Amino acid sequence: MPTDKIARRVAEGGLRPGWIVCGALITGVAGFPAQAQLKLDGHLSETGQYDSNVFRVSPGTARDELGTKHREDYVSDTQAGADAQYLIGQQRLYASGDVDRLVYDHWSQLDRNEFQWLGGMDYKLGTEVDGNGEYREQRRMVAEENRAAPSLNRDMELDRNAGGSFNVNVTPEWRVETRADWTEQDSPSADAFFHYDETKYTLGLKYLGLGPITTGLQAQYLTGAYADGVENGPYRQVNLDYTLDWKQNANSDLTLLLGGSKRRGRDGSTQSFDGFTGELDYKNAVTAKTTVGASVFRRVQTDAVVADYVAETGTSVYANWQATPKIYVNLLASYTDDKYKLSGREDKLALAQLGLNYQALRWFSLKPSVQYENRDSNTSQFSFADTVASLELKAQF
């Protein structure tokens, strides 16, 4: 298809991101040289998990909805997966997939199979053009924290995502970046809505002539819709941002996204949002073995499960420590305030997580972890506290 026709189709909304992904793949393949390298990896893992609150509800809600205050359980997660990578010069084709079998000791009604897989390509054409294309799919149970009430139904939802980018270094100092992403979710549960579809287009202009600093502008346009009787759509949203990436040295990096979002829906002002959005991330390798980082953000996201959109404001901090050549420790803490614009619901979510990775052998690792999560909501059925402790045994080949 000629370039002018492609541009016209995108402007008219008639060219879906899936076609852009295909175009990105074809463009990259056209630049393949003769040399190639194939790498295959597989893994098997068994994770034992204690979950103090399987349904993510308060004791009172569990008693009213399930007839018991019993919320805890022991869960076994058996996983098998594989990864493939095919290198041809500067081009990289990749694919991966995992299959899980989850078994509950007490709430056996929730036993299930889940899977996820993805495939894609990173491509380069000389030093001027680069990009990628990717498709991924995941089948999982509707997350309990998203339900209005606990359920023993194994309601399985399917997520599909496709994306592609095409970037050009116009001059040594100026770079143009384009991207298209598409998301689709099908969910059969009484709490989630049956079908959700969102498409997002991104255009960015960056200036590379300031040494360690890269700065520029980014614009995003996204549209979405619900189906099967959901009345809270369709909608459209525009994000305009100033971007900055400052690599102070090899160990320190600061990134900034600062601007605003404007959202409009079918119902006019009841589905509108105008406001400041942004994100600031900083990480620093304070020693050869220790890295710390922090972020603050305010953004507008779609919550497909409740057919609502939410203004998220939050912060997080983390630390990673290579204690020995075989032991890696990570710590994470975060706090988020979520304000749902249609329902008036507001959640305050605090999370703390500590994990350890012990690489006992080249092909075998142990990963113990513990996590505490607390959500305080002005809608009582969405408040909960939960502690999860787990141990993963993983063999790679």
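Definitions and cut-offs
- Residues numbered from 1 in each chain as written.
- Predicted model: local features only at pLDDT ≥ 70, side-chain atom pairs only at ≥ 80, totals over all residues.
- Heavy atoms only, no water.
- Helix = DSSP H or I, 4+ residues; strand = E, 2+ residues; numbered from the N terminus.
- Buried < 20%, exposed > 50% of the residue type's maximum accessible area, 1.4 Å probe, protein only.
- Contact = heavy atoms within 4.5 Å.
- Areas by Shrake-Rupley, 256 points an atom, 1.4 Å probe, with all protein chains shown as cover.
- 1 Å grid on protein atoms, 1.4 Å probe; cavity = no way out; pocket = protein on both sides within 12 Å on 5 of 7 lines; lining within 4 Å.
- Points joined across faces, edges and corners; volume = space filled by probe spheres on them.
- Nonpolar A, V, L, I, M, F, W, Y, C, P; charged D, E, K, R; others polar.
- Salt bridge = Lys/Arg side-chain N within 4 Å of Asp/Glu carboxyl O.
- Patch = residues over 30% accessible without salt bridge, like charges linked within 9 Å, V, L, I, M, F, W, Y side chains within 5 Å.
- Pairing = 2+ DSSP bridges.
- Polar contact = N/O pair within 3.5 Å; in protein donor to acceptor, adjacent residues only side chain to side chain.
- Phe/Tyr/Trp six-rings, centres within 6.5 Å; stacked < 30°, edge-to-face > 60°.
- pLDDT = per-residue confidence, 0-100.

1. A look at the overall build of the protein chain
Stage number 1. Of the regular secondary structure elements, the protein chain holds three helices and 18 strands.
Stage number 2. When each of the 397 residues of the protein chain is scored for burial, the buried share is 36%.
Stage number 3. For the protein chain, contacts bridging at least 24 residues in sequence account for 53% of all contacts bridging at least 6.
Stage number 4. Total accessible area on the protein chain stands at roughly 20800 Å², and carbon and sulfur atoms take up 57% of it.

2. Structural notes on the layout of surface pockets
Stage number 1. In this structure, the second largest pocket occupies an estimated 930 Å³ of space.
Stage number 2. Lining the second largest pocket we find 47 residues, and of these Lys200, Gln218, Gln220, Asp241 and Leu257 sit closest to its centre.
Stage number 3. For the lining of the second largest pocket, the elements supplying multiple residues, two or more each, are strand S6 (156–169), strand S7 (174–186), strand S8 (195–210), strand S9 (213–227), strand S10 (235–249), strand S11 (252–265), strand S12 (268–285) and strand S13 (290–303).
Stage number 4. It is S8 that contributes the most residues to the lining of the second largest pocket, nine residues altogether.
Stage number 5. Counted by class, the lining of the second largest pocket contains 11 nonpolar, 22 polar and 14 charged residues.

3. Description of the pattern of salt bridges
Stage number 1. Inspection of every chain in the model, using the stated rule, returns 23 salt bridges.
Stage number 2. A salt bridge links Arg112 to Glu114; the nearest nitrogen and oxygen atoms lie 2.7 Å apart.
Stage number 3. Arg112 sits in the buried class, given a relative accessible area of 9%.
Stage number 4. Notably, a salt bridge pairs Asp347 with Arg345, separated by 2.6 Å at the nearest N-O pair.
Stage number 5. Exposure remark for Asp347: the relative accessible area of 1% places this residue in the buried category.
Stage number 6. The network of salt bridges with shared partners includes Asp130, Arg175, Glu177 and Lys206.

4. Some details on a nonpolar patch on the surface
Stage number 1. Together, Leu217, Tyr242, Leu258 and Phe276 give the surface a local cluster of nonpolar side chains, amounting to about 390 Å² of exposed area.
Stage number 2. Within the secondary structure, Tyr242 sits in strand S10.

5. What to know about the pairing of S11
Stage number 1. Strand direction decides the pairing type here: S10 and S11, joined by 13 bridges, are antiparallel. Across the sheet, Asp245 pairs through a bridge with Thr255, a residue of S11.
Stage number 2. Remark: two residues form the turn of the hairpin made by S10 and S11, two consecutive strands paired antiparallel.

6. A few points about the environment of Tyr123
Stage number 1. Looking at where Tyr123 falls in the secondary structure, it is placed in strand S4 (residues 112–125).
Stage number 2. Among the residues examined, Tyr123 registers a relative accessible area of 2% and is labelled buried.
Stage number 3. In this structure the C-alpha to C-alpha distance between Tyr123 and Gln91, which are 32 residues apart in sequence, comes to 4.6 Å.
Stage number 4. At 2.9 Å, the side chain of Tyr123 forms a polar contact with the backbone oxygen of Ser165.

7. Concerning the packing of aromatic side chains
Stage number 1. By the definition in use, this model includes five aromatic pairs.
Stage number 2. The interplanar angle of 85° and the centroid separation of 5.0 Å between the aromatic rings of Phe55 and Trp107 together place this pair among those described as edge-to-face. Of this pair, Phe55 sits in the loop between strand S1 (37–51) and helix H3 (59–66) while Trp107 is found in the loop between strand S3 (91–104) and S4, placing the two residues 52 residues apart along the sequence.
Stage number 3. Residue classification places Phe55 among the buried residues on the basis of a relative accessible area of 0%.

8. Remarks on the side chain of His43
Stage number 1. Here His43 is to be found in strand S1.
Stage number 2. A polar contact of 3.0 Å, which involves the side chain of His43, links it to the side chain of Asp98.
Stage number 3. Among residues more than four places away in sequence, those in contact with His43 are Gln79, Ala80, Gly81, Ala82, Asp83, Asp98, Lys394, Ala395, Gln396 and Phe397.

9. Overview of unusual backbone geometry
Stage number 1. If you check the backbone angles, Arg56 has positive phi at about 55° while not being a glycine.
Stage number 2. For Arg56, the position within the fold is in the loop between S1 and H3.

10. A look at the environment of Ser52
Stage number 1. By secondary structure assignment, the location of Ser52 is in the loop between S1 and H3.
Stage number 2. C-alpha separation for the pair Ser52 and Glu72, spaced 20 residues apart in sequence, amounts to 4.2 Å.
Stage number 3. With sequence-adjacent residues up to four places away left out, Ser52 is seen in contact with Arg71, Glu72, Asp386 and Thr387.
Stage number 4. Within the structure, the side chain of Ser52 is placed 3.3 Å from the side chain of Asp386, a separation counted as a polar contact.

11. What about the pairing of strand S2 (residues 73–88)?
Stage number 1. As defined by bridge partners, S1 adjoins S2 across 15 bridges and the pair is classed as antiparallel. Its bridge partner lying in S2, Asp41 is registered against Asp83.
Stage number 2. Pairing of S2 with S3, which is carried by 14 bridges, proceeds in the antiparallel orientation. Residue pairing for S3: Ile88 is matched across the bridge by Gln91.
Stage number 3. Hairpin remark: S2 followed by S3, antiparallel, with two residues in the connecting loop; positive phi at Gly89, about 60°.

12. Remarks on the confidence of the model for the protein chain
Stage number 1. Here the protein chain averages 87 in pLDDT, while 86% of its residues score no lower than 70.
Stage number 2. Predicted confidence in the protein chain is weakest over helix H1 (residues 3–11), with a mean pLDDT of 42, and strongest over S3, with 98.
Stage number 3. In the model, residues 1–15 has pLDDT below 50 throughout and makes nine contacts with residues more than four positions away in sequence or in other chains.
Stage number 4. Below a pLDDT of 50 lies the segment residues 19–34, which in the model reaches 29 contacts outside its immediate sequence neighbourhood of four places, other chains included.

13. Section: the environment of Glu134
Stage number 1. Within the secondary structure, Glu134 sits in strand S5 (residues 129–141).
Stage number 2. Once the C-alpha coordinates of Glu134 and Asn161 are considered, the two residues, 27 residues apart in sequence, prove to be 8.1 Å apart.
Stage number 3. Polar contacts involving the side chain of Glu134 include one to the side chain of Tyr94, which spans 2.5 Å.

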